[in-house]
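Remarks on the overall topology
Letter by letter, the chains look like this.
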Amino acid sequence: GLEAYGFAKTDLAQMVLKNPSLLGYDQKSVEEKLAVLEGSGFTRDQVRSFFSLSPKVFDLSLEANFKPTLRFFLDTGWTAEDLCRFPQILNYSLGKRIRPRFEYITEKGLSCETAGTARWIVLSDADFAKKVAKCGEEEWEDYVSGTRGS
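One structure accompanies this document, and this report is about it. As the structure is a computational prediction, the values presented were derived from the model and not from experiment. (Residues numbered from 1 in each chain as written. Predicted model: local features only at pLDDT ≥ 70, side-chain atom pairs only at ≥ 80, totals over all residues. Heavy atoms only, no water.)

As for the packing of helix α2 (residues 27–39) against helix α3 (residues 44–53)
Put simply, the rule reads: Note on geometry: axes are C-alpha line fits, over the in-contact stretch for helices, and angles between N-to-C directions span 0 to 180 degrees. We count a stretch as a helix when DSSP gives it H or I for four or more residues in a row; a strand needs E for two or more, and each element gets its number in order from the N terminus. Comment on the angle field: the value is read as roughly parallel under 35 degrees, roughly antiparallel over 145, roughly perpendicular from 65 to 115, and oblique elsewhere. Crossings are sorted by hand: turned counterclockwise from the far helix by less than a right angle, the near helix makes the crossing left-handed, and turned clockwise it makes it right-handed. A contact between two residues is defined here by any heavy atoms of the two lying within 4.5 Å. Here the term charged refers only to Asp, Glu, Lys and Arg, the term nonpolar to Ala, Val, Leu, Ile, Met, Phe, Trp, Tyr, Cys and Pro, and the term polar to all other amino acids, Gly among them.
α3 packs onto α2 with a crossing angle of 130° between their chain directions and a minimal axis gap of 9 Å. Here α2 is positioned oblique relative to α3, judged by the angle of their axes. As for the relative orientation of α2 and α3, their crossing is right-handed in sense. Between α2, through Lys33, Leu34, Leu37 and Glu38, and α3, the contact on the second element is made entirely by Arg44, Val47, Phe50 and Phe51. In terms of residue class, the contact of α2 with α3 is built from five nonpolar, no polar and three charged.

Okay, here's the thing in structure tokens:
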């Protein structure tokens with residue numbers, strides 16, 4: 001369980017305050033997520049930091065959300081350290097927000113630091129279009145509607 005990973009009682013209390021649904025999770029589900037991070041190169045300290053900062057990540061489905069989104073970030077240059085700074089980004093939709101934005105930035109050759117910074121993910125669609133994609137909101141919406149259908 002969480003104690004085996006070195007979570008202090010005060011850490012656990014803070015995590016439950018941030019995400020009370022933790023109390024209802026089965027041990028296996030929690031341990032699987034901890035093991036996935038460790039198997040992806042995270043140290044025990046990083047695993048503790050990751051989940052302490054964003055215990056809502058425990059709410060994600062392991063196969064449908066957690067693993068694919070984690071893999072996407074690791075495959076696109078993010079490090080364990082980067083993800084420990086912004087663990088909450090795993091709560092954003094890979095298919096509806098993260099991947100389309102990353103692909104747009106990449107396709108257009110925009111100079112945007114995508115690895116290790118969450119700005120391009122957390123901005124609203126309007127602000128993303130204006131500040132990162134450097135296009136109108138309508139152009140961005142057209143792009144997204146075209147990519148989501150494929």
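Moving on, there is more to tell.
So, a positive patch on the surface
Convention followed: Nonpolar side chains (Val, Leu, Ile, Met, Phe, Trp, Tyr) within 5 Å and like charges within 9 Å form the patches, drawn only from residues with over 30% relative accessible area and no salt bridge. Each accessible area value is a Shrake-Rupley result obtained with a 1.4 Å probe; residue values ignore everything except the protein chains displayed when judging cover. What makes a salt bridge here is a side-chain nitrogen of Lys or Arg within 4 Å of a carboxyl oxygen of Asp or Glu, nothing more. Counting rule applied: Lys, Arg positive; Asp, Glu negative; His and chain ends not counted. Where a charge sits is defined by one atom per residue type, namely NZ (Lys), CZ (Arg), CG (Asp) or CD (Glu).
On the surface, Arg119, Lys130, Lys131 and Lys134 cluster together into a patch of positive charge. Among the secondary structure elements, Lys134 is positioned in the loop between α8 (125–132) and α9 (137–148).

Details of the packing of helix α4 (residues 62–75) against helix α6 (residues 94–108)
Orientation of α4 relative to α6, taken along the N-to-C sense of each, is 10°, at an axis distance of 12 Å. One finds that α4 runs roughly parallel with respect to α6. Judged by residue contacts, Pro68, Thr69, Phe72 and Phe73 of α4 engage Leu94, Ile98, Arg99 and Phe102 from α6. Of the residues assigned to the contact of α4 with α6, the class counts are six nonpolar, one polar and one charged.

Digging into the packing of aromatic side chains
Basically, it comes down to this: For Phe, Tyr and Trp, rings pair up if their centres lie within 6.5 Å, where Trp contributes its six-membered ring, and each pair is then called stacked (planes under 30 degrees apart), edge-to-face (over 60) or tilted (otherwise). Working definition: with a 1.4 Å probe on protein chains only, accessible area under 20% of the residue-type maximum means buried, over 50% means exposed, and in between means partly exposed. Lysine NZ or arginine CZ positioned within 6 Å of the ring centre and within 35 degrees of the ring normal marks a charge as sitting over the ring.
All told, the structure shown has 13 aromatic pairs when counted by the stated rule. Measuring from ring centre to ring centre gives 5.9 Å for Phe42 and Phe50, while their planes differ by 80°; the resulting arrangement is edge-to-face. Across the pair, exposure class does not vary: Phe42 and Phe50 are buried alike. Members of the aromatic cluster, each reached through a chain of ring pairs, are Phe72, Phe73, Trp78, Phe86, Phe102 and Trp120. In this arrangement the basic side chain of Arg44 is found over the ring face of Tyr5, its NZ or CZ atom lying 4.0 Å from the centre.

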